[in-house]
Amino acid sequence: MNETRYALITGASRGIGRAIALKLAAQGFSVIINYASNEEAARKTLDDITANGGKAELLPFDVSDNKATAAAIESWQAHHEGEYISVVVNNAGIRKDNLMMWMPEEEWHRVLRISLDGFFNVTQPLLTSMLVKKWGRIVNIASLSGIKGMPGQANYSAAKGGLIAATKALAQEVAKKRVTVNAVAPGFIKSDMTADLNEAELKRLIPAGRFGEAEEVAELVAFLVSDAAAYITGEVISINGGIYT
Ligand SMILES: NC(=O)c1ccc[n+]([C@@H]2O[C@H](COP(=O)([O-])OP(=O)(O)OC[C@H]3O[C@@H](n4cnc5c(N)ncnc54)[C@H](OP(=O)(O)O)[C@@H]3O)[C@@H](O)[C@H]2O)c1
């Protein structure tokens, strides 16, 4: 990489997003760490990157808030004249599991607003620069749930399924301009999000016999944002230890 490439990772304070931030910084990207509220964890990601000689900065905003997201991206642009964000990893997400018969409307909307509206809110303002500069990488962190549907996760499955469909549509819109759009669909990955799950029981369903590590997802994302992955677009790549979907 000759010029500095900026990579915005949403939800990079913890878990999978943090691992992606560390990996992309090690690959030479200047990383923009987004998070919602956990400043302490975000600073830890930043410090770990800079301690390893990488470049990073913090950019907190709630991805579900269209105006706040637009304002944060505009402010970044104002401070980085002549530069553009060429990589975005839409990773921010939450779970609010409930059987649909008991699901309050707010739980339905909150999950969709973060994973699905968040993808639109963050990606839409970044597209023009990627198209003008004729290079961009968009990676959306979906889920096994968005492919097969999981009971107790009608909201989450809908959000991730919608994200997969949007990935395929957008990939076709921007392919000619050397912008790729792909989705990564993890199965069970160790993080705060899965800390409440019964790993001993669930791992019996996984051919690999274990939960995945956030760093394993980060390896895949690092390949998808590299120059080497230029001809892969509109794909959904599962990383789930062999759970058949
Ligand atoms: N772990 C798994 O097994 C698994 C499987 C499939 C898919 N995924 C997907 O992978 C992604 C990361 O999951 P994870 O396991 O790493 O989760 P996690 O450990 O709970 O971390 C979630 C991250 O998202 C951020 N976030 C939450 N709401 C946000 C908002 N409104 N705006 C901006 N950032 C927000 C959090 O920021 P704060 O620290 O500020 O709260 C945090 O950095 C999610 O999209 C999840 O759905 C995870």
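One can find the structure itself at the top, above this paragraph.
Residues numbered from 1 in each chain as written. Predicted model: local features only at pLDDT ≥ 70, side-chain atom pairs only at ≥ 80, totals over all residues. Heavy atoms only, no water.

Q: Explanation requested: the pairing of strand β4 (residues 85-90) in the structure shown.
A: Two faces make up the sheet, and in a regular strand the side chains alternate between them. Most of β4 sits out of view: 6 of its 6 residues are buried. Summarising the sheet, strand β1 (residues 6-9) and β4 pair through 4 bridges and their orientation is parallel. Bridge pairing links Ile9 to Val89 in β4. Bridging between β4 and strand β5 (residues 136-141) involves 4 bridges; their strand directions are parallel. Within β5, the position partnered with Val89 by the bridge is Val139. The parallel pair β4 and β5 is bridged by helix α4 (residues 105-133), and the resulting crossover is right-handed. (Buried < 20%, exposed > 50% of the residue type's maximum accessible area, 1.4 Å probe, protein only. Helix = DSSP H or I, 4+ residues; strand = E, 2+ residues; numbered from the N terminus. Pairing = 2+ DSSP bridges. Right-handed = clockwise from strand over helix to strand, strands pointing away.)

Q: Teacher, can you tell me more about the packing of aromatic side chains here?
A: What describes a pair of aromatic rings is the distance from one ring centre to the other and the angle between the planes of the rings. Using the criterion set out here, one finds 2 aromatic pairs in the structure. The interplanar angle of 75° and the centroid separation of 5.0 Å between the aromatic rings of Tyr6 and Trp76 together place this pair among those described as edge-to-face. With Tyr6 in strand β1 and Trp76 in helix α3 (residues 66-79), this pair connects stretches of sequence that are 70 residues apart. A relative accessible area of 9% means that Tyr6 is categorised as buried. Here the aromatic rings of Phe188 and Phe211 are separated by 5.3 Å at their centres, their planes lie at 15°, and the arrangement is stacked. You can see Phe188 sitting in the loop between β6 (179-186) and α7 (199-202) and its partner Phe211 sitting in the loop between α7 and α8 (214-224), a full 23 residues away along the chain. Neither Phe188 nor Phe211 differs from the other in exposure class; each is buried. (Phe/Tyr/Trp six-rings, centres within 6.5 Å; stacked < 30°, edge-to-face > 60°.)

Q: Mind showing me how you'd approach the nonpolar core here?
A: In this structure, Ile20, Leu24, Val31, Val89 and Val221 are the most contacted members of the largest nonpolar core, which totals 60 residues. Dropping the residues within four chain positions of it, Ile20 is found in contact with Ile9, Val89, Ile141, Ala218 and Val221. (Core = buried A, V, L, I, M, F, W, Y, C linked by side-chain atoms within 4.5 Å. Contact = heavy atoms within 4.5 Å.)

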